[in-house]
Amino acid sequence: MDVSNTHLLDEAVVTTKLDAVVSWGREASLWPFVFGTACCAIEFMSTAASRYDISRFGAEVLRFSPRHADLLVVAGTISYKQAPILKQIYDQMPEPKWVIAVGACASTGGFYDNYTTLQGIDEIVPVDVYVAGCPPRPEAIIDAVLDIQRQLKRESKFELRHTEYEGKLDDA
């Protein structure tokens, strides 16, 4: 066998950048943790079901431990009593992590403008994508996941995210 022929390796060797490989791996394997409290959580359930099948987009491994997740999906109304729990879940997630606020209640408090309801989860944790609607359609939630994947391609791979963010529950 003649090893000096380089044409033997043409199909066996792939060259690329490390950033491209890391980006592809993160994009194709999002592991969501769903913090669902209201009707938006029902819409997320239909997103994960067979009709819409979020697994086609690389986000099928739903996690029930924040230590195993890299995508926090907050779906529903968040009260001030739940805010420290949401913050603790966010803090337990490993870096890099992303957050989607699903629906009007998680994004802005919705029509609950009262003393018990948090007026948007961005007061507690940094949000990467907001999904509009009350409740939003499953297609909108899938579009948010695709938007997170587009953000993954653009950002630097080995830096901490949201270092300048300071929420209401962060120590000053």
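As the structure is a prediction and not an experimental result, all values here were calculated from the model.

Participant: Hey, could you run me through the overall build of the chain in this one?
Facilitator: Per the secondary structure count, the chain includes 5 helices and 4 strands. What you see in the chain, going N to C, is helices and strands ordered as α-β-α-β-α-β-α-β-α. Taking the principal axes of its C-alpha atoms as reference, the chain extends roughly 80 × 45 × 25 Å. Sorting the 172 residues of the chain into buried and exposed places 41% on the buried side.

Participant: Explain the confidence of the model for the chain here, please?
Facilitator: Of all residues in the chain, 92% have pLDDT values of 70 or greater, and the mean over the chain is 83. Mean pLDDT per element in the chain: helix α1 (residues 18-27) is the minimum at 76, and strand β4 (residues 129-131) is the maximum at 94.

Participant: Teacher, can you tell me more about α1 here?
Facilitator: Since one α-helical turn is 3.6 residues long, residues separated by three or four positions face the same way. Inspection of α1 places Ser23, Arg26 and Glu27 among the buried residues, and these make up the whole buried set. Looking straight down α1, one finds its buried side chains confined to an arc of 95°; they lie on one side. The outward face of α1, more than 90 degrees from its buried face, is lined by the exposed residues Leu18 and Trp24.

Participant: Teacher, can you tell me more about the pairing of strand β1 (residues 32-36) here?
Facilitator: The two faces of a sheet get side chains in turn, since along a regular strand they alternate between them. Looking at chain direction, β1 and strand β2 (residues 71-75) are connected through 5 bridges and run parallel. From the neighbouring strand, phenylalanine 35 faces β2, where its bridge partner is valine 74. Taken together, β1, helix α2 (residues 39-48) and β2 constitute a β-α-β crossover, and its handedness is left-handed.

Participant: Please explain the sheet that holds β1 as it appears in this structure.
Facilitator: The strand order β1-β2-β3-β4 describes an open sheet built from 4 strands, whose pairing is parallel. Whereas interior strands pair on both sides, the edge strands pair on one side only; in this sheet they are β1 and β4. Taken pair by pair, the neighbouring strands of this sheet meet at an average axis angle of 15°, ignoring direction. Where α2 meets the sheet, its contacts fall on β1, β2 and β3 (98-102), and the angle it forms with β2 comes to roughly 130°. Against the sheet, helix α5 (residues 138-154) makes contact with β2, β3 and β4, and its axis sits at roughly 155° relative to β3, the strand it touches most.

Participant: Looking at this model, I keep getting lost on unusual backbone geometry. Mind explaining?
Facilitator: Leave glycine aside and you will find that most residues have negative phi; peptide bonds, for their part, are mostly trans. With an omega dihedral of -10°, the bond running from glutamate 95 to proline 96 counts as a cis peptide bond. With respect to the helices and strands, the residue proline 96 is situated in the loop between α3 (83-92) and β3. With an omega dihedral of -15°, the bond running from cysteine 134 to proline 135 counts as a cis peptide bond. Relative to the helices and strands, proline 135 resides in the loop between β4 and α5. Of note, aspartate 53 is a non-glycine position whose phi angle comes to about 50°, a positive value. You can see aspartate 53 is positioned in the loop between α2 and β2.

Participant: Please explain the environment of aspartate 70 as it appears in this structure.
Facilitator: Here aspartate 70 shows up in the loop between α2 and β2. Looking at aspartate 70, the relative accessible area reads 16%, which means it is buried. With residues near it in sequence (within four places) discarded, aspartate 70 still touches Ser29, Leu30, Trp31, Met93, Pro96, Lys97 and Trp98. Only 2.8 Å separates the side chain of aspartate 70 from the backbone nitrogen of tryptophan 31, close enough to count as a polar contact.

Cut-off values and rules
- Residues numbered from 1 in each chain as written.
- Predicted model: local features only at pLDDT ≥ 70, side-chain atom pairs only at ≥ 80, totals over all residues.
- Heavy atoms only, no water.
- Helix = DSSP H or I, 4+ residues; strand = E, 2+ residues; numbered from the N terminus.
- Buried < 20%, exposed > 50% of the residue type's maximum accessible area, 1.4 Å probe, protein only.
- pLDDT = per-residue confidence, 0-100.
- Arc of directions from axis to C-beta.
- Pairing = 2+ DSSP bridges.
- Right-handed = clockwise from strand over helix to strand, strands pointing away.
- Axes fitted to C-alpha atoms, helices over the stretch in contact; angles between N-to-C directions.
- Contact = heavy atoms within 4.5 Å.
- Polar contact = N/O pair within 3.5 Å; in protein donor to acceptor, adjacent residues only side chain to side chain.

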